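Examining the three-dimensional arrangement
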Amino acid sequence: MTIKAPRGTEDVLPGEIEKWQRIEQTARELFLLYNYREIRTPLFEDTRLFERSIGESTDIVEKEMYTFLDKKGRSLTLRPEGTAPVVRAYLEHKLYAKGGVNKFFYIGSFFRYERPQAGRNRQFYQIGVEAIGSDSPALDAEVINLSLHFLSSLGLKTLHIALNSIGCSACQPLYREKLKQFLNEHIDKLCDDCRRRTESNPLRVLDCKKEGCVSILKNAPSTLDFLCPACKEHFESVKHYLKMLGLNYQIAPNLVRGLDYYTRTTFEVVHSGLGAQNAVAAGGRFDGLVEEFGGESTPAVGFAAGVERIALAMDGEGVKVSDGKQTFTFIALLGKEYLEGGLLLLNELRRSGISAEMDYEGRSLKSQFRVADKLGVKFTIILGQEGATLRDMVKGEQEEVKREEVVSILKREK
RNA sequence: GUGGACGUAGCUCAGUUGGUUAGAGCACCAGGUUGUGGCCCUGGGGGUCGGGGGUUCAAAUCCCCUCGUUCACCCCA
């Protein structure tokens, strides 16, 4: 075995996949309950889609995208996130024509060239929702509520919401200037990355965790103090609705999303016990994105959750998902010469909706029973010259039955 | 991209100061039972000791490089 799965990718094997299925099934049922409908977009898109939405100076676009030229020289990129493609599809198919709020959810894999780590792969899976067409703070609250409903439905308990507002196109530039001013006053005490970001992307400096920077940032102007009246009111309403819904949150003035398209509300759902990659879900508003792509000014809000991290968190909380084994019967042959009879019975059983397995290798009866036992079947049918013997593997009892009655007997037992 | 730890059978791991044909448990296969599983007993298969190079009479063991895993930084869901 010389070829392995590429670095940062993983095979999800039987035994583990059942947990993923549970996660996806829960998402489908729950999101439908909130009237979100599934959408599937391509795995790769025109590179410009991500450059324009995520932002040229973000780490994602600068160094983490899988970008390549196709045979006609088009620049394509494996999608690094889900929001821009949904907005693109929303515009391309003129889904706004339906009016009202359009609600979508998606489940799929995304790609970023990063150093792999617990809860961080190069191909990773996200489940997300986007609600496009309303600036109501009630919708922000709904999305946050849904993310928590989803995660707690999967058995996760130690969840915390971090909440912030980063303002809109009216107030954020003002704050950005004030922050830049502040950072420049302390520029000599900031780390190299932060010095660079002070010019290119000052908001991201707030996210720095280096001790020196953190102590300086304690006194940095807060985005919350610079919100325009409309944003302030919006944020107050979001908080009010969250309280009303019984959701506890912590204000995190330094919570800045890594994607440029976010406006107003940003939030993160953190699960304690995940190590460094502790955000299981995150999202926020993107009121300017639809317009950025050439549509009418259309407000929107959404979130995405990481499937691998949810699975890790479920493991941590001891959530068990059955491994889905369900073989009901096993056919044991008294000799190779009964293979055809076995195949016919096997077919009959399966066509009758009874899961069944059989040994094709001509192994000894003892071996066949060992296989049956390992499969955990409830019944083993021993097939020989005439008729059949039906053995109850749990009781350890068996009886002779007529060959043509085997299927109907087992149907009753099922 | 940076730093630390690790890399021996399918899995979990032993492997003394470098010293002969690299071990155990579990798993797997077969037999003990002239057709019947789980327990037990016996036997068997399976490892280029991550890969490459070097030091040495001799390397799983020491050195270098490389790949991978992992934790943290970073980034982010």
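Placed above this text is the structure.
This write-up is about the structure you can find in this document. All figures in this text were calculated on a predicted structure; none of them were measured in a lab.

What about the overall build of chain A?
Across its full length, chain A carries 15 helices and 16 strands. In summary, chain A has a C-alpha radius of gyration of 28 Å against a globular reference of 22 Å for 414 residues, an excess of more than 25%. By its C-alpha atoms, chain A is 90 × 50 × 45 Å across when sized along the principal axes. Within chain A, residue pairs in contact and separated by at least 24 positions form 69% of the contacts whose partners lie at least 6 positions apart. As displayed, chain A has an accessible area near 21600 Å², and 49% of this comes from carbon and sulfur atoms. Looking at chain A, you have 58 positive and 58 negative side-chain charges, and the mean spots of the two groups are 1 Å apart.

A closer look at the packing of aromatic side chains
Tallying each qualifying case throughout the model produces 14 aromatic pairs. When the ring of Tyr66 is compared with that of Tyr113, the centres are 5.9 Å apart and the planes differ by 65°; the resulting orientation is edge-to-face. Of this pair, Tyr66 sits in the loop between helix 3 (59-64) and strand 3 (67-69) while Tyr113 sits in the loop between strand 5 (102-111) and strand 6 (123-132); the two residues are 47 residues apart in sequence, bridging distant segments of the chain. Tyr66 gets classed as partly exposed once you look at its relative accessible area, which sits at 27%.

Some words on the pattern of salt bridges
Per the stated rule, a full pass over the model turns up 18 salt bridges. Between Arg88 and Glu92 there is a salt bridge, with the nearest N and O atoms lying 3.0 Å from each other. Of this pair, Arg88 and Glu92 both sit in helix 4 (residues 83-92), four residues apart, roughly one helical turn. Bridged by salt links that share partners, the residues Glu16, Lys19 and Asp315 form one connected network.

Some remarks on the environment of Glu291
Tracing the sequence through the fold places Glu291 in helix 11 (residues 289-292). C-alpha separation for the pair Glu291 and Ala304, spaced 13 residues apart in sequence, amounts to 21 Å. For Glu291, the contacting residues outside a window of four places in its chain are Glu296 and Ser297.

Quick word on the layout of surface pockets
Computed from the structure, the second largest pocket encloses a volume of approximately 610 Å³. Along the wall of the second largest pocket there are 31 residues; nearest its centre are Gln172, Asp260, Tyr261, Tyr262 and Thr263. Of all the secondary structure elements, the ones that give two or more residues to the lining of the second largest pocket are helix 2 (47-54), helix 6 (172-185), helix 8 (202-205), strand 9 (263-271) and helix 11. Grouping the amino acids of the lining of the second largest pocket by side-chain chemistry returns nine nonpolar, 10 polar and 12 charged.

Points about the state of the cysteines
Overall, the coordinates contain zero disulfides when judged by the stated rule. Of the cysteine sulfurs around Cys168, a residue in no disulfide, the closest is that of Cys231, at 3.3 Å.

A short note on the nonpolar core
Formed by 50 residues in total, the largest nonpolar core has its most connected members in Ile23, Phe31, Tyr36, Phe150, Leu151, Phe303 and Ile310. Of all the elements, helix 5 (residues 137-153) adds the most residues to this core, at eight residues. Membership of the second largest hydrophobic core comes to 29 residues, among which are Ala89, Leu259, Tyr261 and Phe293.

Looking at the sheet that holds strand 8 (residues 249-251)
Strand order in the open sheet formed by eight strands is 1-5-6-11-10-9-7-8, with mixed pairing between adjacent strands. One side of each edge strand has no neighbouring strand; the edge strands of this open sheet are strand 1 (37-38) and strand 8. Strand direction decides the pairing type here: strand 9 and strand 10 (residues 279-285), joined by six bridges, are antiparallel. Looking across to strand 10, one finds that Val270 is bridged to Ala279.

How each quantity is defined
Residues numbered from 1 in each chain as written. Chains lettered and ligands numbered in written order. Predicted model: local features only at pLDDT ≥ 70, side-chain atom pairs only at ≥ 80, totals over all residues. Heavy atoms only, no water. Helix = DSSP H or I, 4+ residues; strand = E, 2+ residues; numbered from the N terminus. Rg over C-alpha atoms; globule rule 2.2 N^0.38 Å. Contact = heavy atoms within 4.5 Å. Areas by Shrake-Rupley, 256 points an atom, 1.4 Å probe, with all protein chains shown as cover. Lys, Arg positive; Asp, Glu negative; His and termini not counted. Charge placed at Lys NZ, Arg CZ, Asp CG, Glu CD. Phe/Tyr/Trp six-rings, centres within 6.5 Å; stacked < 30°, edge-to-face > 60°. Buried < 20%, exposed > 50% of the residue type's maximum accessible area, 1.4 Å probe, protein only. Salt bridge = Lys/Arg side-chain N within 4 Å of Asp/Glu carboxyl O. 1 Å grid on protein atoms, 1.4 Å probe; cavity = no way out; pocket = protein on both sides within 12 Å on 5 of 7 lines; lining within 4 Å. Points joined across faces, edges and corners; volume = space filled by probe spheres on them. Nonpolar A, V, L, I, M, F, W, Y, C, P; charged D, E, K, R; others polar. Disulfide = S-S within 2.5 Å. Core = buried A, V, L, I, M, F, W, Y, C linked by side-chain atoms within 4.5 Å. Pairing = 2+ DSSP bridges.

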